[in-house]
Every structure is written in structure tokens, then in C-alpha cells.
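# Structure assessment
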Amino acid sequence: NIIRESGIEKLSTRNIASKLNCSTQPIFYHYSNMKELKKDVLKEISSLFDKAMLKSNYDRPAYKDIGKNYIAFAREEPALFHLLFNSNINDEVLCFVDLNGTSEFIAELISKQTGLSKEEAKNFHLKMWLFVNGIAALVANNTFNFSDEEIDTLLGEQYMSMILFEVQKGNAKKEIIDFYMNNKLKPKKDDNNE
């Protein structure tokens, strides 16, 4: 909460003690220095991030859900998002491309959906993450406020572009495009087109 409200700069034993309504002594009992404490804080934030990534209304999240959840985390928790992706503070920042060790799950998900090999799926995820992270950074910095519908469209179009490229290279199943075209890209009916 201190980081959410005031940033990592205000994370001190004095401010933590004030929030907990206690002296600094219990904090120093558990931690010999601020570096240890910050490491645990980063672990906790990482855990919140990981749970947020895998939220779904279904048994298992769809790949698109992970991207949407990532951007939602940036929107709802900009201070925590900045902290996780600041290499001056978090020396394990690149692990988050891996989503805290869930890359195997994500690679499997992509592989099942597309027919890509596991290695190709990991590479696909890295490229998609670069795109998603760009949107998330814009959202977290209040540079641009995308609506949920815009985010949904952007992610869908980027995913489809990347799939088309993989099909053209012979790495992905063509059926995924047919499925997507038949189920996702149907034109919306409006009063003038009925």
C-alpha cells in the first residue's frame, strides 16, 4: 500500500512501522536490512501479478485473457507495474516475460491452439509480449486510455497477424485461421445493414 500510494522511494522501516502502528523493532527483528525487505516485497508483488495474469471466467484462461489481464494489471496497479518492470529495482525483470515460471503453461496453450512447436510457441509469446507490454506501458503511464473493446480488437488483430505469418512459414495449422475467421471476425449487424 505504501508503494501504491507513494512509490518505492517511501518504503522505509519508519513508514512501514507507522502503517502497522508499531515501532521499527519488529521489522528489524524479521529483516536485517532494507534490501532483504524489498526482496520480499517484490516477491509479494510478483505473486499478485502472477495471480492477475491467470484470472479467467473459465477453467483455464485463453491466451488472449493473459494479455488482457496483463494490461488490466498495468491500469489498476500502475505503481506496482512500474516497479516490476524497472530493472534498477527488480534485477529479475526479464523473468516476467516468462510470467513467473508459467511459460511452460503458456507455451502449451499456444502450441495446442496453433500447432506451433514448444520453441516456436515461446518465440511467439515473446513477440506478443512485446506488443502487449507496449500497450500496458501506455496505460500505466496514462499516455493513452484504451477502452476494453479497443484492447480486445488490438490483441485480436495482432494475434491474427502473427498467426498468418506462422501459417505462411508452415509452422502453424491453417485451421486456426478458419476457426478464428468463422467465430471471431463476423461483421456486426447494425440497423442499416440488416
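Residues numbered from 1 in each chain as written. Predicted model: local features only at pLDDT ≥ 70, side-chain atom pairs only at ≥ 80, totals over all residues. Heavy atoms only, no water.

## Considering the nonpolar core
Membership of the largest hydrophobic core comes to 48 residues, with the highest contact counts inside it found for Ile3, Leu11, Tyr63, Tyr70, Ile71, Phe73 and Phe124. The element that contributes the greatest number of residues to this core is helix H8 (residues 118–140), accounting for nine residues. Those residues in contact with Tyr70 that lie beyond four places of it in its chain are Phe49, Met53, Phe81, Phe85, Trp129, Val132, Asn133 and Ala136. (Core = buried A, V, L, I, M, F, W, Y, C linked by side-chain atoms within 4.5 Å. Buried < 20%, exposed > 50% of the residue type's maximum accessible area, 1.4 Å probe, protein only. Helix = DSSP H or I, 4+ residues; strand = E, 2+ residues; numbered from the N terminus. Contact = heavy atoms within 4.5 Å.)

## Quick look at the pattern of salt bridges
One pass over the structure, following the stated rule, counts seven salt bridges. Here Glu77 makes a salt bridge to Arg4, at a shortest N to O gap of 2.8 Å. Here Glu77 is found in the loop between helix H5 (63–76) and helix H6 (78–84), whereas its partner Arg4 is found in helix H1 (residues 2–6), with 73 residues between them in sequence. Relative accessible area serves as the criterion here: at 38%, Arg4 is assigned to the partly exposed category. For Glu108, the salt bridge is made with Lys118, and the minimal N-O distance between the two is 3.9 Å. (Salt bridge = Lys/Arg side-chain N within 4 Å of Asp/Glu carboxyl O.)

## Concerning the packing of aromatic side chains
Across all of its chains, the model carries seven aromatic pairs by this definition. Taken together, a centroid distance of 5.2 Å and an interplanar angle of 85° make the contact between Phe49 and Phe73 edge-to-face. One end of the pair, Phe49, is in helix H4 (residues 34–53); the other, Phe73, is in helix H5, and 24 residues separate them in sequence. Each of the two residues, Phe49 as well as Phe73, counts as buried. An angle of 50° between the planes, with centres 4.4 Å apart, marks the rings of Phe144 and Phe146 as tilted. By relative accessible area, Phe146 is classed as buried at 12%. Of the aromatic side chains, those joined through ring pairs into one cluster are Phe49, Tyr70, Phe73 and Phe81. (Phe/Tyr/Trp six-rings, centres within 6.5 Å; stacked < 30°, edge-to-face > 60°.)

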